[in-house]
Amino acid sequence: MNPGLKEWIWFANLKGITTRKKVELLRIFNDPAEIYRADAIELARTGILNRDNITSILSSEYRDTVDGTIEEIYKNHMDVVTLTSSNYPELLKNICDPPVCLYVKGKLRADELSVAVVGSRRASGYGITVAKKISGELALCNICIVSGMARGIDTAAHMGALSVKGRTIAVLGCGLDRVYPPENKKMMEQIIEYGAVISEYPPGAEPAPHHFPVRNRIVSGMSVGVLVVEAGERSGSLITAQLALEQGRDVYALPGNVISVNSKGTNKLIQDGAKLVTSVQDILDELHWYECFGMKSVLDFESERKSKLNIDTDEKSVIELLSLESLHIDEIQKKLSISMPLLHSILLSLEMKGLIKREPGGRYSIQI
Amino acid sequence: MLSKVNTCGLLGIDGYMVSVETDISKGLPAFEIVGLGDAAVKEAKERIRAAIRNSGFEFPSRRITINLAPADLKKEGTSYDLPMAAGILAASGIFPCDALSNCVLLGELSLDGTLRPVYGVLPKTITAREKGFDTIFTPYENAKEAAVVKGIKVIPVPGLSDLVKHFRGENILLPLESSWSSHSGEEHKNEPDFADVKGQGHVKRALEVAAAGGHNLLMIGSPGSGKTMLARRMPSILPDLSFEEALEITKIYSVAGLLPPDSALVTKRPFRAPHHTISPVSLVGGGRIPKPGEVSLAHLGVLFLDELPEFGKNALEVLRQPLEDGFVHISRINGSFTYPCNTTLIAAANPCRCGFYLDETRECTCTLQEVKAYLGRLSGPLLDRIDIQVDVPTLNYSDLESEEPAEPSCIIRERVNKARNIQRNRFSQTGIYCNAQMTSPMVRKYCRLGKEESDLLREAFSSLGLTARSHNKILKVARTIADLEGAENINSVHISEAIQYRILDRNLYK
């Protein structure tokens, strides 16, 4: 066990003191162990703490619970990465309020080229498809995908990276002994295997609503850029984008249908100057000076695979139609005037070839 | 003196012969009815006494004993009034006893001696004919119903005194001619028609397939997408009723007392749409004296369950066996009864509690778990019995405005009839009549696939994540689609379409 670990954890878990103040304190005292031992006068002399802060540092309340937290950490096979650890992400260190301690399951690396992919929890089929595709392609280029493991786009982003066995990191808003949302249990295990699940909250912390905006600064802080795939008008993803700008990160946004609620936020981001992304290449172009990290240019497996499939004329006309917009089977039938039974078989055949996708509700869209 | 009158009782939807034996002997004036009659039979004493007096005869002030044989079966209802009254009049010598020997009497008496309608006349008439009786006397209102049965003379009786005059030979009552003739076309006249529904082509197609093969169908879609409207038009494309089928339906309605007075046969396929608060008992049948439930009332027609997930869990689970077997067996203290229920289940469900999940124009307010939980209320075994599942999208305005005429029901029905005829020929020796009823060995026999088709099916299973339980359903539906086309063999287009009707298996909603 790391000799100073107890004090680090104690310090990280102190409530009532902002992370920013904690970082300043660490600059003055060098080591949390010294803060642990400091008396009220020494603490007051720093000039950054108010009376309540000092009381909470001196109180025994937090000192007594540390042992329990450490026990939990061992029980759950977690690592603790502190600000001074060698594998604390460099990029994250440079934001104004980096987390003092990170609880980690999996492997965390100090210098890693990461891109955050975030978006709405209630994503559309379009958003999910694109998030998966771009994340997968980024992962193929040795770029780590950072996201929040929430439902919708976050899940799609992790899945995209996992589908090509690429690295991905999930930043949680609760203790690592929790799985939130619960349906992602299996995926979380995979993320631990291929990357890491991290959190600044100690084991046992609930997924409280106010944790998530705070968590978002880590998502953007760890990454060189943030891709917002879909976001409503007042979405948490827009907070992440805002934080990314404050931290000096790039913001990329996926354009969407102007009518769709899910694309209001991203289209607004583009209006405000975010980089419009239509393919992975648009992101790679922005990252070209990071090639030293071992980034590869993307290989075009997809178009190769598609050119091999044989598609007959009817199928081709359906694909042409669907590449304009996603359509319901009735609408396709009306436009092409093919008989319903035949259309069913064309759609099934295209779906099995992996060229189109059936969404719940009976809509069909192009699989990209 | 002793007299014997024939009448009929009811067991489930079948009748049985009851002989009403009346003995008038010396002794203190008394009136006893034995033979396990219910309260309505016991109360008949007062009706009979008044009816005989008010018809201008004298009620014998002697010891009267009436036995309803067989005496160990429970008798219920008021249809024994007329035979008992006739028995008393014959036993007291008002008219000759042998006039009664080859006829059956049914009817409730009112105090003035006129007859009132009773229920279950059709099955009773059928029994009477089977037992070789040549005449049945029924109340006026029931005569048309009875006249449907050929091979027995049906004589409507206005009142007790008219019956006596008839037996005395003073004023002969005339039999009612069988009024039922071929009825095709007529009965669909005022029904809702598919021509009124704009758009929704693929749902109409799915309903056509369901009608052609007798498959159960589930529609999933937002409120206002027209699920109910589509389902209500289902009877208009169901195959024409044969005489035997009409008879079978009428029997059930007759027993349930739901036959409109003065009507002969039920000539339309029934469409039953119970509300989702229905209890399990009213759904499958039951009660102290078991009556047919909604599934049986929908026999050979459509049982429409709107808002399927809102039905009580118990109500849905009791449907499993009847949907599988085509009959319900109900046991109660008063006996056990079997009611047929070969019905096509058409169900409709919203995709989530608020209904707007997947709706493009309105926002869904449910959480993801709620969405999952909503359709999750439908148990696997129940969904197993639903061959076809379709989504019904919300219509956009241009669809509603479109002037393009939709296909009318009568054209669809023609195709359905054709497909049903093929099936009837195929299954003529097997005791079933449509593809949905095929058992596994029959599926193997009648749904043989070529190499190309089985390859397609195998590939679809692995690439679309279908479950094993859909395998036979897909084959059955594919068979129906082939029949609609008049094709001998199932080809890959048929299989493809059938696969498209398995949306719930593919976890598209989960």
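Residues numbered from 1 in each chain as written. Chains lettered and ligands numbered in written order. Predicted model: local features only at pLDDT ≥ 70, side-chain atom pairs only at ≥ 80, totals over all residues.

Things to note about the domain arrangement of chain A
Each assigned domain of chain A is listed with its residue range as follows: domain 1 (1-73), domain 2 (114-299) and domain 3 (302-366). Using only C-alpha atoms to locate each centre, domain 1 of chain A and domain 3 of chain A end up separated by 61 Å. (Domains from an automatic or database assignment.)

Description of the interface of chain A and chain B
With 19 residues of chain A at the interface, the matching set in chain B holds 22 residues. Elements with a contribution of two residues or more to the side of chain A that touches chain B: helix H17 (329-336) and helix H18 (340-352) of chain A. Counting residues per element, the side of chain A that touches chain B draws most heavily on H18 of chain A, at nine residues. Class assignment of the residues belonging to the side of chain A that touches chain B gives a composition of nine nonpolar, seven polar and three charged. (Contact = placed C-beta atoms within 7 Å. Helix = DSSP H or I, 4+ residues; strand = E, 2+ residues; numbered from the N terminus. Nonpolar A, V, L, I, M, F, W, Y, C, P; charged D, E, K, R; others polar.)

Some details on the domain arrangement of chain B
By convention, interface size is frequently given as the accessible area that disappears when the constituent parts associate. All names here are of chain B. Looking at the assigned domains, one finds that chain B contains domain 1 (2-168), domain 2 (186-431) and domain 3 (438-510). Computed from C-alpha atoms alone, the centre-to-centre distance between domain 2 and domain 3 is 22 Å. Those elements giving two or more residues to the side of domain 2 that touches domain 3 turn out to be helix H6 (201-213), helix H13 (368-376), helix H14 (380-384), strand E18 (388-392) and helix H16 (409-426). Broken down by element, the residue count for the side of domain 2 that touches domain 3 peaks at six residues, all from H16. Grouping the constituent residues of the side of domain 2 that touches domain 3 by class yields ten nonpolar, five polar and seven charged.

Considering the confidence of the model for chain B
Looking at chain B, the pLDDT average stands at 87 and 95% of residues meet or exceed 70. Reported for the predicted complex are a pTM of 0.71 and an ipTM of 0.71. (pLDDT = per-residue confidence, 0-100.)

Some details on the sheet that holds strand E5 (residues 168-171) of chain A
Residue and element names in this part refer to chain A. Across the sheet, nine strands lie side by side as E1-E2-E6-E5-E4-E3-E7-E8-E9; this open sheet has mixed pairing. Sheet topology places strand E1 (79-82) and strand E9 (275-276) at the edges, where each strand pairs with a single neighbour. Sheet topology places E1 next to strand E2 (residues 101-106); four bridges connect them, and they run antiparallel. Residue pairing across strands places Asp79 opposite Val104, the latter belonging to E2. Contacts from helix H9 (residues 153-163) reach strand E3 (114-118), strand E4 (144-147) and E5 within the one sheet, and its direction differs from that of E4 by about 160°. (Pairing = 2+ DSSP bridges. Axes fitted to C-alpha atoms, helices over the stretch in contact; angles between N-to-C directions.)

Considering unusual backbone geometry
In this model, Tyr180 of chain A is joined to Pro181 of chain A through a cis peptide bond whose omega is -10°. Note that Pro181 of chain A resides in the loop between E5 and helix H10 (185-194). The peptide bond linking Ala69 of chain B to Pro70 of chain B adopts the cis configuration, its omega dihedral lying at 5°. With respect to the helices, strands and loops of the structure, Pro70 of chain B is situated in the loop between strand E4 (63-69) and helix H2 (81-91).

Some remarks on the environment of Gly107 of chain B
Residue and element names in this part refer to chain B. With respect to the helices and strands, Gly107 occurs in the loop between strand E5 (103-105) and strand E6 (108-109). Overall, Gly107 belongs to the buried group, with 30 C-beta atoms counted inside 10 Å. Spatially, the C-alpha atom of Gly107 lies 55 Å from that of Glu404, the residues being 297 residues apart in sequence. If sequence neighbours within four positions are ignored, Gly107 has contacts with Ser79, Asp81, Leu82, Leu115, Val118, Thr138, Pro139 and Val157. (Buried ≥ 20, exposed ≤ 12 C-beta atoms within 10 Å, placed from the backbone.)

Quick word on H9 of chain A
Three- or four-residue spacings in an α-helix give side chains the same orientation, since the helix completes a turn every 3.6 residues. Residues and elements named next belong to chain A. Judged by how many residues are buried, H9 sits mostly within the fold: ten of eleven residues are covered. Inspection of H9 places Ile153, Asp154, Thr155, Ala156, Ala157, His158, Met159, Gly160, Ala161 and Leu162 among the buried residues, and these make up the whole buried set. Looking at the buried positions of H9, the neighbouring elements they touch are E3, helix H8 (125-140), E4, E5 and H10.

Details of H2 of chain B
All names here are of chain B. Here H2 lies mainly inside the structure; eleven of its eleven residues are buried. Here H2 has its buried residues at Asp81, Leu82, Pro83, Met84, Ala85, Ala86, Gly87, Ile88, Leu89, Ala90 and Ala91. The first or second residue beyond H2 is Gly93, which carries a positive phi of 85°.

Notes on the environment of Leu345 of chain B
Residues and elements named next belong to chain B. The residue Leu345 is located in strand E17 (residues 344-349) in this model. With 23 C-beta atoms packed within 10 Å, Leu345 lands in the buried category. Spatially, the C-alpha atom of Leu345 lies 4.9 Å from that of Leu303, the residues being 42 residues apart in sequence. Beyond its immediate stretch of four places on either side in the chain, Leu345 contacts Asn216, Leu303, Leu305, Leu323 and Ile386.

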